[in-house]
Amino acid sequence: MPEKMLAAVLHSPGDIRVEEVAKPEPGPGEALVRVDACGVCGSDIARMLSAGAHRMPIICGHEFAGRVVDAGREVRGSSAGDLVAVPPLIPCFTCGECQRGRFSLCLDYDYFGSRRDGAYAEYVTVPERNLFPVPEQVPAAAAAMLDPASIALHAIWRTRLGVGHRVAVLGAGPIGLFAVQWARLAGASDVLAVDLNERKLAQASEAGATHTTTSGEEARDLAGDGYDVVIESAGTPVTADMAAALCARHGEAVFIGIPHAPVEFAKGTFNDFLRREVSLHGAWNSFSAPFPGDEWRAAAEAFASGALRWKFMITHEPGLDALPQLMKQLGERSIFSSKVLFRPGERP
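Residues numbered from 1 in each chain as written. Predicted model: local features only at pLDDT ≥ 70, side-chain atom pairs only at ≥ 80, totals over all residues. Heavy atoms only, no water.

- Within an unreviewed UniProt entry, the label attached to the protein chain reads Galactitol-1-phosphate 5-dehydrogenase, and the organism entered is Actinomadura nitritigenes.
- The UniProt entry for the protein chain carries the following comment under Cofactor (unreviewed entry): "Zn(2+)".
- Per UniProt, the protein chain carries the Sequence similarities (unreviewed entry) text "Belongs to the zinc-containing alcohol dehydrogenase family." (UniProt positions renumbered as here; feature names shortened; annotations may be inferred.)

Written as structure tokens, this is what we have:
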């Protein structure tokens, strides 16, 4: 009989079952990783409750870290016992974009938790190139947050953000909180955080925001002549319009959030975008060359040195048994949360 493990399996949108499934076996060039922590991304909530995944049933979860249990001879650089973070994108390494080192733009990629089984489970098999060793000072919980930290940095690197710049961050979820910190580390003198939730804004202040507001009107008043860089991480039509509207002359807005409704600019916003010669950037994932990218290496170093803070974001650390109900509550927004980390090793 094959060995079993516990996993939260998405059978169809809204139908999430915590059940025993076959423990995966690593193939050539893969390692078996015991999952220590797996974070919830906003995309997980939509995927598991309404949108569904590319195939089902599937085990979701893509922000994760764990210990290598078994690494075959073909696997170099990682051995049993090593703590690794796992970049969730598995590039093809052969398409034109991969050949240019633009792995976030890979044309034929695989992805943990949406295209292949992810880490809302006790174990997962990981290709060698996706085993990212973390410094000794970085615990598993922080390692599982390298993906959102790297996504925020990848977005900022799409801009010219520098010393003395004024920055606005729209959305104070984990990516937004990391964006606030990266902006301050890059030398931003003024960082505004905008969110509808006062508790999230309190976290933004802890992250280093110099101003916070729940009001779009107040954000525009605080903007004055505009912000040099605006980082949109909320993914709503309202904040998309606001991002362009808050930019200074020759300012830049970078969009991380994924909207689930049509996005339109108001006439005034579009006129200002033209007249101020504002630049709008898309930011997708967190990867560059050499894979997984300097974003991941910089984030790991910042966690290790303490320059990038993460503990204050964690609001929940349950075992897998809590996943179906907690995911529903997250979708309903009936509880306050920032970073939710599931701990698959903790059984009821």
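Following the structure, the description resumes.
### A closer look at the UniProt feature "domain: Alcohol dehydrogenase-like N-terminal" (unreviewed entry) in the protein chain
Moving on, step 1. Here the UniProt-annotated "domain: Alcohol dehydrogenase-like N-terminal" (unreviewed entry) positions come out as residues 27–136.
Moving on, step 2. As a span, residues 27–136 carries 13% helix and 33% strand, and end to end its C-alpha atoms are 28 Å apart. (Helix = DSSP H or I, 4+ residues; strand = E, 2+ residues; numbered from the N terminus.)

### Concerning the side chain of Asp-190
Moving on, step 1. The residue Asp-190 is located in strand S12 (residues 190–194) in this model.
Moving on, step 2. Apart from the residues lying within four places of it in its own chain, the contact partners of Asp-190 are His-165, Arg-166, Val-167, Thr-210, His-211 and Tyr-227. (Contact = heavy atoms within 4.5 Å.)

### Describing the packing of aromatic side chains
Moving on, step 1. A full pass over the atoms with the stated rule returns 11 aromatic pairs.
Moving on, step 2. Note on Phe-93 and Phe-291: the rings are 5.6 Å apart at their centroids and 85° apart in plane angle, and the pair reads as edge-to-face. Here the residue Phe-93 occupies a position in the loop between strand S7 (89–90) and helix H2 (96–99), and Phe-291 occupies one in the loop between strand S16 (279–282) and helix H10 (294–305), the gap between them amounting to 198 residues.
Moving on, step 3. Through successive ring pairs, a cluster of aromatic residues spans Phe-93, Phe-103, Phe-132, Phe-287, Phe-291 and Trp-296. (Phe/Tyr/Trp six-rings, centres within 6.5 Å; stacked < 30°, edge-to-face > 60°.)

### Topic: the pattern of salt bridges
Pairs can form between side chains of opposite charge whenever their charged atoms are close.
Moving on, step 1. Following the criterion strictly, the structure yields 15 salt bridges and no others.
Moving on, step 2. Notably, a salt bridge pairs Glu-63 with Lys-339, separated by 2.7 Å at the nearest N-O pair. Of this pair, Glu-63 sits in strand S5 (residues 63–71) while Lys-339 sits in strand S18 (residues 339–342); the two residues are 276 residues apart in sequence, bridging distant segments of the chain. With respect to burial, Glu-63 and Lys-339 carry one shared label: buried.
Moving on, step 3. Asp-190 is paired through a salt bridge with Arg-166; the nearest N and O atoms lie 3.0 Å apart. With a gap of 24 residues between them, Asp-190 in strand S12 and Arg-166 in strand S11 (residues 166–170) connect regions that are remote in the sequence. (Salt bridge = Lys/Arg side-chain N within 4 Å of Asp/Glu carboxyl O. Buried < 20%, exposed > 50% of the residue type's maximum accessible area, 1.4 Å probe, protein only.)

### Observations regarding the side chain of Lys-339
Moving on, step 1. Under the relative-accessibility criterion, Lys-339 is labelled buried at 2%.
Moving on, step 2. Side-chain polar atoms of Lys-339 contact the side chain of Glu-63, separated by 2.7 Å.
Moving on, step 3. Once residues within four sequence positions are removed from consideration, Lys-339 is found in contact with Gly-39, Val-40, Glu-63, Met-145, Pro-148, Pro-174, Met-313, Ile-314, Thr-315 and His-316. (Polar contact = N/O pair within 3.5 Å; in protein donor to acceptor, adjacent residues only side chain to side chain.)

### Describing the environment of Ala-51
Moving on, step 1. As for its placement among the helices and strands, Ala-51 is situated in helix H1 (residues 42–51).
Moving on, step 2. Exposure remark for Ala-51: the relative accessible area of 60% places this residue in the exposed category.
Moving on, step 3. As a C-alpha pair, Ala-51 and Gly-14 span 37 residues in sequence and 9.3 Å in three-dimensional space.
Moving on, step 4. Residue contacts for Ala-51: discarding those within four places in its chain leaves Pro-13 and Ala-46.

### Points about the nonpolar core
Moving on, step 1. Of all hydrophobic cores here, the largest spans 62 residues; its most connected members are Leu-146, Val-167, Phe-178, Trp-182, Ile-231 and Phe-303.
Moving on, step 2. The greatest single-element share of this core, amounting to seven residues, is contributed by helix H4 (residues 146–156).
Moving on, step 3. Ignoring sequence-local partners within four residues, the contact set of Val-167 consists of Leu-161, Ala-183, Ala-188, Asp-190, Val-191, Leu-192, Tyr-227, Val-229 and Ile-231.
Moving on, step 4. Counting residues in hydrophobic clusters, the runner-up holds 40 residues, among them Val-40, Met-48, Phe-112 and Val-124. (Core = buried A, V, L, I, M, F, W, Y, C linked by side-chain atoms within 4.5 Å.)

### Things to note about a nonpolar patch on the surface
Moving on, step 1. A surface patch of nonpolar side chains, about 300 Å² in accessible area, is lined by Leu-105, Ile-258 and Trp-284.
Moving on, step 2. According to the relative accessible area criterion, Ile-258 is partly exposed, its value standing at 46%. (Patch = residues over 30% accessible without salt bridge, like charges linked within 9 Å, V, L, I, M, F, W, Y side chains within 5 Å. Areas by Shrake-Rupley, 256 points an atom, 1.4 Å probe, with all protein chains shown as cover.)

### Remarks on the packing of helix H7 (residues 216–223) against helix H8 (residues 237–245)
Packed helices, taken two at a time, are described by the angle their axes make and the gap between the axes.
Moving on, step 1. Where H7 meets H8, the axes come as close as 11 Å, and the angle between the chain directions of the two elements is 15°. The pairing of H7 with H8 is recorded here as roughly parallel in orientation. As H7 runs across H8, the sense of the crossing is right-handed. Within the contact between the two elements, H7 uses Gly-216, Ala-219 and Arg-220 and H8 uses Asp-241, Met-242 and Ala-245. (Axes fitted to C-alpha atoms, helices over the stretch in contact; angles between N-to-C directions. Parallel < 35°, antiparallel > 145°, perpendicular 65-115°, else oblique. Left-handed = near helix turned anticlockwise from the far one by under 90°.)

### Digging into unusual backbone geometry
Moving on, step 1. Cis geometry is adopted by the peptide bond preceding Pro-290, which originates at Ala-289 and carries an omega value of -10°.
Moving on, step 2. Mapped onto the secondary structure, Pro-290 falls in the loop between S16 and H10.
Moving on, step 3. Here the bond from Phe-291 into Pro-292 is cis, since omega is 5°, no more than 30 degrees from zero.
Moving on, step 4. Within the secondary structure, Pro-292 is located in the loop between S16 and H10.
Moving on, step 5. Unusually for a residue other than glycine, Phe-93 sits at a positive phi of about 65°.
Moving on, step 6. The residue Arg-333 is not glycine, and still its phi comes out positive at about 55°.
Moving on, step 7. The residue Arg-333 is located in the loop between helix H11 (323–332) and S18 in this model.
Moving on, step 8. Since its relative accessible area comes to 76%, Arg-333 is described here as exposed.

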